[in-house]
Amino acid sequence: MKITHLKVNHLVNPMGYELSEPTISYIVEETEGKHQVKAQVLVARDEAFTELIHDSGEKEDIVSAAYVLPVSLEPETRYYWKVRVWADNGETGESGTAWFETAKKGPWQAEWITPALPKDVQAVVMKDVEITKPVQKARMYMVGLGVYELYLNGEKLGDEALLPGFCDYDTWIQYQTFEMQLSQGKNHVEIVLGDGWYKGWYGLRQTEENYGDRLAAIGELHITYEDGTEEVICTDTSWKARRSQVVYSGIYPGEVYDTTLDTSEVFDTEIIVLDKEKLSPRLSPAIIINDRLKPIEVIHTPAGETVLDMGQNMVGWLSFRCHAPKGTKLFFQFGEILQDGNFYNENLRTAKAEFTYISDGNEREVRQHFTFYGFRFVKVEGWEGEPDPEDFTGLVIHSEMEELGFIETSDPLVNQLFHNAKWGQKGNFLDVPTDCPQRDERYGWTGDAQIFSGTACFNMDTYAFYTKYGKDVYAEQKKLNGSVPDVVPVANYHGDGSTAWGDAATIIPWNVYLHYGDKGILSRQYESMKGWVDYMRREDEKHGNKYLWQNGFHYGDWLALDGNVEGGVYGATDPFLISSGYYYYSTRIVAKSAKILGKEEDAAYYGELAEKIYRAFVNEYFTPSGRLCVNTMTAHVVVLYMGLTPEFAYKKTCEGLLELLKKNKYHLNTGFVGTPYLCPVLSENGMNDIAYRLLMEKGYPGWLYEVLMGATTVWERWNSVMPDGKISGTGMNSLNHYAYGSIVEWMYRYMLGIQPTEEGAGFKKFRIAPTPDYQIQWAKASLRSAAGKITSAWAIEGKNLKMEFTVPFDAEAILVLPHAKAEDISDQAEGRDGILSVAQAGENTEVTVEAGTYSFVYEPTVPCRKIYSVNSPMEELMNCEGTKKVLDEEYFCTVKEQPFYDELYTLQELMNGPFTNVPYEQQEKIDKLLRAVEA
């Protein structure tokens, strides 16, 4: 037995974090046991565990996904902890030792200081610290604004970038903790400052000084000597300043780094009045370099440019080994795509995304400091000779999150789509879940964040990331009486109260709870969640008290393709149907969250409110005969997904969605609201083959279209790049925009069937209900869940379906085998360890199992492999027995004589007709053939 993945608040060995409620989690692996029968948690002040502050004893109710330590912690203290586990088969195990360290104690003694230089001058503040006796321990508690790096004796401390990250600086400022290795004698401490989000060029409305107009720093160096004495060295006017060789920096413009600049002149610092009460221990996971990429090619463009191709649209920095002579100016520009083979960056709008380096003649590894870029291509100017790709490295930067989920299928295009969605998450999870990482925006749009949150939780451990974002959401909400801004942090981009965007307050914490099983996120965010629903309720009361939300501005089904304006951004779905739908959906989430948290009165109130909204919604949007009054794909998807379809209207609603898809030749026209829910709704409601068909669409609009166009991340628009390779526009056209990457959640939940449940949050109890389809021959997924490793795999082998699953230790799962007879599965299950029951459930068989690995092979009652597919040639279509049965023999032979048959058009091509070589009178025959094949 091994006990691994020891985390505190989903962080590994956190130092200086906010730990008001420390919650540990762990994973048990490599055991033949099925269940944990008891566990013991030990917490001590020392690594030898002689100074215990908590011994849980051998308890049966310790849950590995979340055990809240019932301890009172002292500040500035490192605690060590470990876990012992007993399994039901008698196996025992003990983890290694992990630790966490608390933040600083007491009020701040230090002062905020700023360099006594013009406010637009980039600067460093510094101090020489004299150490006269041996040091036992030293910690620097500090923060710099806008962004900073800390150096000790010329060496950067830590591997983090862009500290302190981006938050609602108006409400709270998170400080960091550094372990300082001080030696006797003089120790030179420097804080290098840059403008960042705080005061630099950032934002679409107020473009500078969104939070402040001066560089600033505050810090306390707490030293404990070996003789037991202590000393605190604070930032004050004894600190000095100098100019920085990073002479200019900004999130949008980039950076200028001049190593020839003489920075020896020393300046004073001044005390600046900033509210110390805002200072708070950090929540943000570390922003670090997570990957390193080498260019795949050096391109010499038709325009005579030298361009590096990184092979991947990435976010971060470019580092390079420079050995240029003194005074050499190197200039780099960053872009996502080439146009006509040349460098291109016009879709970044006003963001310059540049880097200038001026060499002092010394060979060094050069990187950026206080900016970041979204790019695949880098134009290089000033480089002597032919650039060597080995001299360059793309440094991929994002918040530190353990990768959890992986999917692979028989189709390489689908595999690339999965890759693209994950890289979209990497590129846009840089402290804040942004819409895009490259242009003059990079905002934490709440709508994008909630739409993608389910996918994000499968892909990576996002608990700590969303905990920090949730604090920002609630901080901004409190300024708006419960309403949620469109972007968080706001940074002077005011706008709030839009449905689907505001529901980030409820949906994100709910998804996080479902995936990781730690109700701490619900406890932290409960007032925020409730505040958003209460805001909607007040809006409802102000406008008729109809238990509907039918007022205000809403983005609605943003970027849907069914809008009335060509190229417009607003879809055709009634925004008030969407807002009323989310009103119900979020109210239900709050009711369930209240029950989980033991808030019975709230649970009853919000449960009753949800019922009233449901009844009002049905009366408003369904006719007595069961027809949905808003006839768009997204409207049908919303009511089916959110549980707003009454039984009497269910059949017509499903038929209505199918009819809309047929009319649109099985192409989607949904936007930000409808698209994430479309394939799940299809798979849940008997149209799984159409969900696969949408996934596999290679034309516009379709996920695989952009893959075929060479995308390595997910685009903002279905046609961000046209078939001729030309970008479709520059007004709002990001090539790294994760929202439509939400299809990956469908791949996890439906293609592979891995589904968390409310009653077993954190995958302690879950379902694996895959939905194979002939359009993909095999698929497999692995997920390092909060309970442990889950796998799901299936393959179509002739007439048989082969399925394999893994359920982790101390978990139970219901395996749903599609179109399987229980008696056939019972024969395979007989005598196998870990199988608790086998039961028929409609067309499927449900197998309840404990921890273990299970495989089944059977012939489905409904074949997974059809004789034809939408891309099959006419030869194959015409040999389909179903076609022959619908078409009489005489007509069947007539069809075979037609030009469209001889040229072997596919069904997809026929549906996308008409054809110039098919006479008008034969179109009827094509239509009849299509109906026959559909039948």
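Look a little higher up for the structure.
The text that follows walks through the structure, step by step, so that each part is easy to find. All figures in this text were calculated on a predicted structure; none of them were measured in a lab.

### Here we look at the sheet that holds strand β36 (residues 754-756)
And step 1. Read across the open sheet, the five strands follow the order β36-β37-β41-β43-β42; overall the sheet is mixed. Two strands in the sheet have a free side with no partner beyond their single neighbour: β36 and β42 (835-841). Strand-to-strand, the axes of this sheet are offset by a mean angle of 20 degrees, without reference to chain direction.
And step 2. Where strand β37 (residues 765-768) and strand β41 (residues 812-817) come together, four bridges link them in parallel fashion. Within the sheet, the bridge partner assigned to I768 lies in β41 and is L815.

### Description of empty space enclosed by the protein
And step 1. With the rule as written, the count across this model stands at seven cavities of 30 Å³ or more.
And step 2. Around the largest cavity, the lining is made up of 13 residues, and of these H10, S25, D461, R784 and A786 lie nearest the centre.
And step 3. Of all the elements in the fold, those that place two or more residues in the lining of the largest cavity are β1 (2-8) and β2 (23-29).
And step 4. Element by element, the count of residues in the lining of the largest cavity is highest for β2, at three residues.
And step 5. Considered as a void within the structure, the second largest cavity measures approximately 80 Å³ in volume.
And step 6. What lines the second largest cavity is Y466, Y469, G470, V473, A504, A505, I508, P509, V512, I521, Q525 and S528.
And step 7. Taken together, the elements giving at least two residues each to the lining of the second largest cavity come down to α4 (463-477), α5 (504-516) and α6 (520-542).
And step 8. Take the lining of the second largest cavity: its biggest share by element is five residues, from α5.
And step 9. Classifying every residue of the lining of the second largest cavity gives nine nonpolar, three polar and no charged.

### Some points on the layout of surface pockets
And step 1. In this structure, the largest pocket occupies an estimated 900 Å³ of space.
And step 2. Looking at side-chain class alone, the lining of the largest pocket contains 19 nonpolar, nine polar and eight charged residues.

### What to know about the pattern of salt bridges
And step 1. All chains considered together, the criterion is met by 54 salt bridges.
And step 2. E179 is the salt-bridge partner of R78, the closest N and O atoms lying 3.9 Å from each other. With a gap of 101 residues between them, R78 in strand β6 (residues 78-87) and E179 in strand β14 (residues 173-179) connect regions that are remote in the sequence.
And step 3. E179 sits in the partly exposed class, given a relative accessible area of 38%.
And step 4. Measuring nitrogen to oxygen at the nearest pair gives 3.7 Å for the salt bridge that ties K802 to E804.

### Things to note about the sheet that holds β2
And step 1. Strand order in this open sheet of three strands is β1-β2-β5, and the pairing throughout is antiparallel. In this open sheet, the two strands that pair with only one neighbour each are β1 and β5 (67-68).
And step 2. Here β2 runs beside β5; their pairing, made up of two bridges, is antiparallel. Of the residues in β5, the one forming a bridge with I24 is Y67.

### Structural notes on the packing of helix α11 (residues 674-684) against helix α14 (residues 743-751)
In a pair of packed helices, the angle between the axes and the distance between the axes together describe the arrangement.
And step 1. Here α11 crosses α14 at 25 degrees, and the two axes come no closer than 8 Å. Accordingly, the angle class assigned to the pair α11 and α14 is roughly parallel. Residue-level contacts link C679, P680, S683 and E684 of α11 to I743, W746 and Y750 of α14.
And step 2. Broken down by class, the residue content of the contact of α11 with α14 amounts to five nonpolar, one polar and one charged.

### Looking at the packing of aromatic side chains
And step 1. As enumerated under the stated definition, the model contains 57 aromatic pairs in all.
And step 2. Measuring from centroid to centroid gives 4.9 Å for F334 and F375, while their planes differ by 70 degrees, and the two rings are edge-to-face. Remark: F375 occurs in strand β31 (residues 373-381) and F334 occurs in strand β26 (residues 329-335); sequence separation between them is 41 residues. The pair formed by F334 and F375 is uniform in burial state, with each residue classed as buried.
And step 3. Plain terms: the ring middles of W718 and Y740 are 4.5 Å apart, the flat faces sit at 20 degrees to each other, and that makes the pair stacked. Pair noted here: W718 is in the loop between α13 (703-708) and α14 and Y740 is in the loop between α13 and α14, with a separation of 22 residues, a long-range link.

### Examining the pairing of strand β11 (residues 135-145)
And step 1. Most of β11 sits inside the fold, with nine of its 11 residues counted as buried.
And step 2. Pairing of β11 with strand β16 (residues 216-225) involves 10 bridges; the strand directions are antiparallel. Each bridged residue has a counterpart across the sheet, and for K137 the counterpart in β16 is T224.
And step 3. Sheet topology places β11 next to β14; four bridges connect them, and they run antiparallel. By the bridge assignment for β14, M140 is matched with F178.

### Things to note about a negative patch on the surface
And step 1. A cluster of acidic residues, E823, D824, D827 and E830, forms a negative patch on the protein surface.
And step 2. Within the fold, D824 resides in helix α15 (residues 822-829).

### A short note on the environment of G335
And step 1. Relative to the assigned elements, G335 resides in strand β26.
And step 2. When the C-alpha atoms of G335 and N669 are compared, they prove to be 29 Å apart, with 334 residues separating the residues in sequence.
And step 3. Apart from residues no more than four positions distant in its own chain, G335 is found in contact with F343, Y344, N345, F375, R376 and F377.

### Side note on the packing of α6 against helix α8 (residues 600-621)
And step 1. Direction vectors running N to C along α6 and α8 enclose 35 degrees, while the axes themselves pass 13 Å from each other. As α6 packs across α8, the resulting crossing turns out to be left-handed. For the pair α6 and α8, the contacting residues are Y526, K530, V533, D534 and R537 in the first and D602, Y605, Y606 and L609 in the second.

### Some words on the side chain of D360
And step 1. Take D360: it is sitting in the loop between β29 (354-358) and β30 (364-366).
And step 2. For D360, a relative accessible area of 17% gives the class buried.
And step 3. Within the structure, D360 has its side chain in polar contact with the backbone nitrogen of N362 (distance 3.0 Å).
And step 4. For D360, the side chain forms a polar contact with the side chain of R364, separated by 2.9 Å.
And step 5. Not counting residues up to four positions away in its chain, the partners in contact with D360 are T259, T260 and K326.

Analysis parameters
- Residues numbered from 1 in each chain as written.
- Predicted model: local features only at pLDDT ≥ 70, side-chain atom pairs only at ≥ 80, totals over all residues.
- Heavy atoms only, no water.
- Pairing = 2+ DSSP bridges.
- Helix = DSSP H or I, 4+ residues; strand = E, 2+ residues; numbered from the N terminus.
- Axes fitted to C-alpha atoms, helices over the stretch in contact; angles between N-to-C directions.
- 1 Å grid on protein atoms, 1.4 Å probe; cavity = no way out; pocket = protein on both sides within 12 Å on 5 of 7 lines; lining within 4 Å.
- Points joined across faces, edges and corners; volume = space filled by probe spheres on them.
- Nonpolar A, V, L, I, M, F, W, Y, C, P; charged D, E, K, R; others polar.
- Salt bridge = Lys/Arg side-chain N within 4 Å of Asp/Glu carboxyl O.
- Buried < 20%, exposed > 50% of the residue type's maximum accessible area, 1.4 Å probe, protein only.
- Parallel < 35°, antiparallel > 145°, perpendicular 65-115°, else oblique.
- Contact = heavy atoms within 4.5 Å.
- Phe/Tyr/Trp six-rings, centres within 6.5 Å; stacked < 30°, edge-to-face > 60°.
- Patch = residues over 30% accessible without salt bridge, like charges linked within 9 Å, V, L, I, M, F, W, Y side chains within 5 Å.
- Areas by Shrake-Rupley, 256 points an atom, 1.4 Å probe, with all protein chains shown as cover.
- Lys, Arg positive; Asp, Glu negative; His and termini not counted.
- Charge placed at Lys NZ, Arg CZ, Asp CG, Glu CD.
- Left-handed = near helix turned anticlockwise from the far one by under 90°.
- Polar contact = N/O pair within 3.5 Å; in protein donor to acceptor, adjacent residues only side chain to side chain.

That is the geometry; function is a separate question.
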